[in-house]
Amino acid sequence: MSPRAAWRLESLGFTRVYDYVAGKADWGSAGLPLEGTSGSATRVGAYVRADVPVCRLEDGLDEVRRRVREAGWDTCFVIDGDRVVLGRLGRAAITGTEPGTTENAMTPGPSTIRPSARLRQTVERMRSQNLSSLPVTTSDGRLVGLLLREDAEAAPVSGPQP
Amino acid sequence: MPRAIERNEVQRLLDEEHGQLVEVLPPEEYEDEHLPGAINIPLKTLDRATTGQLDRERPVIVYCYDTQ
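Residues numbered from 1 in each chain as written. Chains lettered and ligands numbered in written order. Predicted model: local features only at pLDDT ≥ 70, side-chain atom pairs only at ≥ 80, totals over all residues.

1. Re helix H3 (residues 61-70) of chain A
Given 3.6 residues to a turn, an α-helix orients residues that are three or four positions apart in the same direction.
Residues and elements named next belong to chain A.
Part 1 of the reasoning: Looking at H3, one finds that the buried residues are Leu61, Val64, Arg65 and Val68. The arc that holds every buried residue of H3, seen down its axis, measures 100°, which confines them to one face. In this structure, H3 carries Asp62, Glu63, Arg66 and Glu70 as exposed residues pointing more than 90 degrees from its buried face.
Part 2 of the reasoning: Looking at the packing, one finds that the buried side of H3 touches strand E2 (54-55), strand E3 (76-79), strand E4 (85-89), helix H4 (91-95) and helix H5 (102-105).
Part 3 of the reasoning: Note on H3: the residue one or two positions beyond its end, Gly72, has a positive phi of about 85°. (Buried ≥ 20, exposed ≤ 12 C-beta atoms within 10 Å, placed from the backbone. Helix = DSSP H or I, 4+ residues; strand = E, 2+ residues; numbered from the N terminus. Arc of directions from axis to C-beta. Contact = placed C-beta atoms within 7 Å.)

2. Regarding the pairing of E3(A)
All names here are of chain A.
Part 1 of the reasoning: Here E2 runs beside E3; their pairing, made up of two bridges, is parallel. The residue of E3 that forms the bridge with Cys55 is Val78.
Part 2 of the reasoning: In this region the chain leaves E2, passes through H3 and returns to the parallel neighbour E3; the handedness of that crossover is right-handed.
Part 3 of the reasoning: Summarising the sheet, E3 and E4 pair through four bridges and their orientation is antiparallel. In the strand pairing of E4, Val78 is matched with Gly87.
Part 4 of the reasoning: In textbook terms, the turn of a hairpin is the stretch between consecutive antiparallel strands, and for E3 and E4 this stretch comprises five residues, one of which, Arg83, has a positive phi near 70°. (Pairing = 2+ DSSP bridges. Right-handed = clockwise from strand over helix to strand, strands pointing away.)

3. Quick word on the interface of chain A and chain B
Part 1 of the reasoning: With 31 residues of chain A in contact, the opposing surface of chain B contributes 30 residues.
Part 2 of the reasoning: The biggest single contributor to the side of chain A that touches chain B is helix H1 (residues 2-11) of chain A, with eight residues.
Part 3 of the reasoning: Looking at the side of chain A that touches chain B residue by residue, the classes come out as 17 nonpolar, six polar and eight charged. (Nonpolar A, V, L, I, M, F, W, Y, C, P; charged D, E, K, R; others polar.)

4. A look at the sheet that holds strand E4 (residues 60-63) of chain B
Sheets are built from strands that pair by backbone hydrogen bonding, the pairs being arranged parallel or antiparallel.
Part 1 of the reasoning: Within the open sheet, the five strands sit side by side as E1(B)-E1(A)-E4(B)-E2(B)-E3(B). Their pairing is parallel. Every interior strand has two partners, whereas the edge strands, strand E1 (3-5) and strand E3 (39-40) of chain B, have only one.
Part 2 of the reasoning: Summarising the sheet, strand E1 (residues 17-20) of chain A and E1(B) pair through three bridges and their orientation is parallel. Its bridge partner lying in E1(B), Tyr20(A) is registered against Ile5(B).
Part 3 of the reasoning: Sheet contacts for H1(A): E1 of chain A together with E4 of chain B; angle to E1(A), the most-contacted strand, approximately 175°. (Axes fitted to C-alpha atoms, helices over the stretch in contact; angles between N-to-C directions.)

Here it is, written out as structure tokens:
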């Protein structure tokens, strides 16, 4: 639709016309704000815990475990230099005692959702799949944070508890 | 010729060249959600009258929901 609009504007004499082809789906998926009656409050991005711990592939497990526990978490995301999610250290890895690096202990390629996902539908998914949390990334895989089910269910727009 | 651009270029045009965002979806979709500062001119209503509010000297960035 937007290419036709761009051409129509040119036919009307506009000379500096640009077509953002990926549109507002892309904008929201990048975690950028949207305005309107739905707006950002109905989206996952508004309820994300951005302070979830992160670590690198080469980090030592003992050090990561200590840091994660001290911060009051039981999970940690393994990211690269661009914050792209490579894997996740779950509760078993954090509470374990085996030595090594995060690369050895992580679960690679965890399922993720976009910040623009509708909260109500996401809560339904978490309930049906019995998920206590879901990592949130941008459309290009960069970590935004972690959505906790308890936060999502407490949101006014999440729908009634089953 | 209109130029297809990605998100980074949209942000640059907004920040550096006072770009004007135009959502071309129907009003109900615009009211539901839109990019900050965007105005709504549905594709079916694009004509000289409805575009009269746009500054011809500044970039005009059109968008819809996605590539459909």
